[in-house]
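# Per-entry structural report
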Amino acid sequence: MDDSGNHTVELYIYDLSQGMATMMSQMLLGRQIDGIYHTAVVVFGREFFYGSHGISSITPGTTVLGKPQKKQKIGETFIPYQVFKDYVRGLAESTFRGACYNLLKHNCNTFSEDLCQFLCGTSIPKYILDLPQEILSTPLGQSLAPLIESLEAPQPGSSAFSFEPQIAQRETSPGFDALNTEIEAARQHSQALDERRQAINEKLARKERKKNGEKKHKKKKSKSATGNSSGESDQNSNSMSEAENGNGTAEVAAEMLPSEQALEDEAAEKRAEEERKRARDPPIVFKDIDAKTELEGLVKLVDDKLVEDEKVALEELHQYLLFGEGSWALGDSFLVFVGHVLRDPEMSPETRVHLLRALACCALKDDVILLLHQDRRDHVMMNYAQDIDKHTPEEQQALALFLCNLFENTNASEWLLYISEWQFNNQTVSNIRITTKAAVHCLLATCPKLQDLGSAIVHNLACKDVKTVVFDDISVEISMALLQFFQQQPDEERLFRGMKALSKFVFVSPDIPQLVQMIGPNPKDFKGKSGRVDEMIEIISKKVR
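Structure report, in brief. (Residues numbered from 1 in each chain as written. Predicted model: local features only at pLDDT ≥ 70, side-chain atom pairs only at ≥ 80, totals over all residues. Heavy atoms only, no water.)

## So, the overall build of the chain
Keep this limit in mind: Where helices and strands are cited, they refer to DSSP runs of H or I of at least four residues and of E of at least two residues respectively, numbered from the N terminus. Three exposure classes are used, based on accessible area relative to the maximum for each residue type with a 1.4 Å probe and protein chains only: buried under 20%, partly exposed in between, and exposed over 50%. By definition in these notes, contact holds between two residues if any of their heavy atoms fall within 4.5 Å. The protein chains shown are the only cover counted for residues, whose accessible areas, like all others here, come from Shrake-Rupley with a 1.4 Å probe.
Within the chain, the secondary structure is distributed over 27 helices and 8 strands. Relative to its full complement of 545 residues, the chain shows a buried share of 50%. Pairs at least 24 apart in sequence give 73% of the contacts found in the chain among residues at least 6 apart. Total accessible area computed for the chain in this model is approximately 25,900 Å², and 51% of it derives from carbon and sulfur atoms.

## Notes on unusual backbone geometry
A cis geometry characterises the amide bond from Gly520 onward to Pro521, with omega recorded as 0°. With respect to the helices and strands, Pro521 occurs in the loop between helix H26 (511-519) and helix H27 (531-543). Not every positive phi belongs to a glycine, and Asn426 is a case in point at roughly 60°. Relative to the helices and strands, Asn426 resides in the loop between strand S7 (421-424) and strand S8 (427-430).

## Details of a nonpolar patch on the surface
Heads up, the condition is: A patch is a set of surface residues, each over 30% in relative accessible area and not in a salt bridge, joined within 9 Å for like charges and within 5 Å for the nonpolar side chains Val, Leu, Ile, Met, Phe, Trp and Tyr. Basic side-chain nitrogens of Lys or Arg form a salt bridge, by our definition, when they fall within 4 Å of a carboxyl oxygen of Asp or Glu.
Together, Met480, Met518 and Ile519 line one region of the surface with nonpolar side chains, adding up to about 310 Å² of accessible area. Summarising the element assignment, Ile519 is placed in helix H26.

## Regarding helix H25 (residues 492-505)
Think of an α-helix as 3.6 residues a turn; residues three or four steps apart then line up on the same face. The following threshold applies: To estimate the expected span of a helix, count its residues, drop one, and scale the result by 1.5 Å.
For H25, spanning 14 residues, the distance from its first C-alpha to its last is 20 Å, which sits close to the expected 20 Å at 1.5 Å a residue. Among the residues of H25, Arg494, Leu495, Phe496, Arg497, Gly498, Met499, Lys500, Ala501, Leu502, Ser503 and Phe505 are the ones counted as buried.

## Some words on the packing of aromatic side chains
Our working rule: Ring geometry is summarised as follows: Phe, Tyr and Trp rings, the Trp one being its six-membered ring, pair when their centres sit within 6.5 Å, and such pairs are stacked at plane angles under 30 degrees, edge-to-face over 60 and tilted between the two.
Throughout the structure, instances matching the rule amount to 12 aromatic pairs. Relative to Phe96, the ring of Tyr50 has its centre 4.9 Å away and its plane inclined at 90°; by these criteria the two rings are edge-to-face. Highlighted residues: Tyr50 in strand S3 (residues 46-51) and Phe96 in the loop between helix H2 (81-92) and helix H3 (108-120), separated in sequence by 46 residues. This pair shows no difference in class: Tyr50 is buried, exactly as Phe96 is. Consider the rings of Tyr50 and Phe111, whose centres lie 6.2 Å apart with planes at 40°: the pair is tilted. Taken together, the positions of Tyr50 in strand S3 and Phe111 in helix H3 put the pair 61 residues apart, joining distant regions of the chain. Comparing Tyr50 with Phe111 shows no difference in burial state: the two are buried. Among the aromatic residues, ring-to-ring pairing joins Phe44, Phe48, Tyr81 and Phe84 into one connected group.

## Some thoughts on the environment of Leu371
One can find Leu371 in helix H17 (residues 368-374). According to the relative accessible area criterion, Leu371 is buried, its value standing at 3%. Apart from the residues lying within four places of it in its own chain, the contact partners of Leu371 are Leu330, Phe334 and Leu335.

## Things to note about the nonpolar core
As a rule of thumb, soluble globular proteins bury nonpolar side chains together. Rules: To form a nonpolar core, buried Ala, Val, Leu, Ile, Met, Phe, Trp, Tyr and Cys residues must be joined to one another through side-chain atoms within 4.5 Å.
Of all hydrophobic cores here, the largest spans 123 residues; its most connected members are Phe84, Leu115, Phe337, Phe402 and Leu406. The element contributing the most residues to this core is helix H16 (residues 349-362), with 8 residues. Setting aside residues no more than four positions away along its own chain, Phe402 makes contact with Leu356, Leu359, Ala360, Ala363, Leu372 and Met381. The next biggest cluster of nonpolar side chains, apart from the first, holds 7 residues, and it includes Leu16, Val42, Leu65 and Leu131.

## Overview of H27
Rules: Our arc is simply the arc of the directions from the helix axis toward the C-beta atoms.
Residues of H27 that are buried: Val533, Met536, Ile537, Ile540 and Ser541. For H27, the arc enclosing every buried residue in end-on projection is 140°, short of the 170-degree limit, so these residues lie on one face. In H27, the exposed positions that point more than 90 degrees away from the buried face belong to Gly531 and Lys542. Along its buried surface, H27 packs onto H25.

## Considering the packing of helix H14 (residues 308-322) against H16
For any two helices packed against each other, one specifies the crossing angle of their axes together with the interaxial distance. Our working rule: In this analysis, axes come from line fits to C-alpha atoms, helices being fitted only over the stretch in contact, and the angle between any two N-to-C directions falls in the range 0 to 180 degrees. Convention used here: angles under 35 degrees read as roughly parallel, angles over 145 as roughly antiparallel, angles from 65 to 115 as roughly perpendicular, and any remaining angle as oblique. Here a crossing is called left-handed whenever its near helix is offset anticlockwise from the far helix by less than a right angle, and right-handed whenever the offset is clockwise. Basically, the charged four are Asp, Glu, Lys and Arg, the nonpolar ten are Ala, Val, Leu, Ile, Met, Phe, Trp, Tyr, Cys and Pro, and anything else, Gly included, counts as polar.
As a packed pair, H14 and H16 sit with axes 10 Å apart at the nearest point and diverge in direction by 40°. One finds that H14 runs oblique with respect to H16. Viewed along their axes, H14 and H16 form a crossing whose handedness is left-handed. Along its contact with H14, which presents Leu317, Tyr320 and Leu321, the element H16 presents Leu355, Ala358, Cys361 and Cys362. Tallied by class, the residues present in the contact of H14 with H16 amount to 7 nonpolar, no polar and no charged.

Written out as structure tokens, the structure reads:
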């Protein structure tokens, strides 16, 4: 499966009434509707949908419903296939298990909305989401029950959620798919965790065997150097080296487990992420955080204030940060725990600081994007960030640290720029607006530490290689804040960050060079601070005449 570039995301829309709604809705409901809709998401060459059996995938357009009434392009996604796999696997084991299906409240359209938000930050059509619940409760809706039940049954050629590379090119038999459906539907969340832990343990065991083999090899070579059976020793050590280093690719391949394949896929994604990192302007992040200290401080302050599920979530955070577990170890209740700490007025500011600094450590990890995407439903972390000006100075610093460190990885930094909107405290907000607000607030604060973090966030924002349209409505706001910031005569490091950001923004909007001319200060006033600052000023001056 190609894991690079962008992939088209389509919504397949089916009318369960097969045209009957158009003819009968006025008589039965007292108003005209055009259909009763079932939807599925098509991406990576497969059609994904949800029913009482759980999440399934199938060759596009081959369900019992036949061809879709309409195909609507949702957008393009840059989310890697590996991340998509892990995300949908998490849904299949939690909120979108077969047992969670409800025809009226938690159905195929709920799943399509979740997946489209995850992939593109875009909702499915409003007329589908707003289809009143009472419609499916009418005689017309009840008459569709047999068809709905047939859709929820295992489809020929489909399987309960699983991923196989190039699956569209290798169709399995209906009998195998039906069996696979039953197996996958029976899996529990704890089993998934056990499988992954086992895979990691197996990988560590292989490394340990290799390490021990190398030690024995060196020991035997040492004996050989002193005249102790050199020929036999060399021969044995060479044989051991071949065995331990996988001589025999066939032997290693024969031992490869599905869980090990997932680890290899994860490693490939990490290599791709490292390549993207090398090709971009390096972000400014802060790695001098002791995760163990933050966790210990957090435990002391919250241990007697948590319910059992939240204590489990705290232990999961411990496993993720200190023992190398992947973000899959953070269960469904983890964000509930985070929300409790951030929102509960009974929690002390010090408690929130420890949690935010621990999250800043998480932000440096490659797979933190999975945690972030889980928060796209309730926006726990970004709603807290929206109120940055209402928090204590220590909380503001910890929050800014978290936001800044999210730029360490490409996927996480793109999450900060999502433009999909929601309502919070009677305001329309989005990730990019909240990120901008936090950056400007910190940049113009009187606290030197906040200024340092704010200048880093602004620098990282400006160095993102994104389409101009993303920055159209925020570049002017940030540039005006930068001009105010320059009036404070910042030191060379912060001045360089600000000038580098402005050197990017002057090419984004034609209004910004005019603002620099009208408001000032003139960037040329700072010439001579350092060579790198002068280089940025030269770039800006080409646009500011």
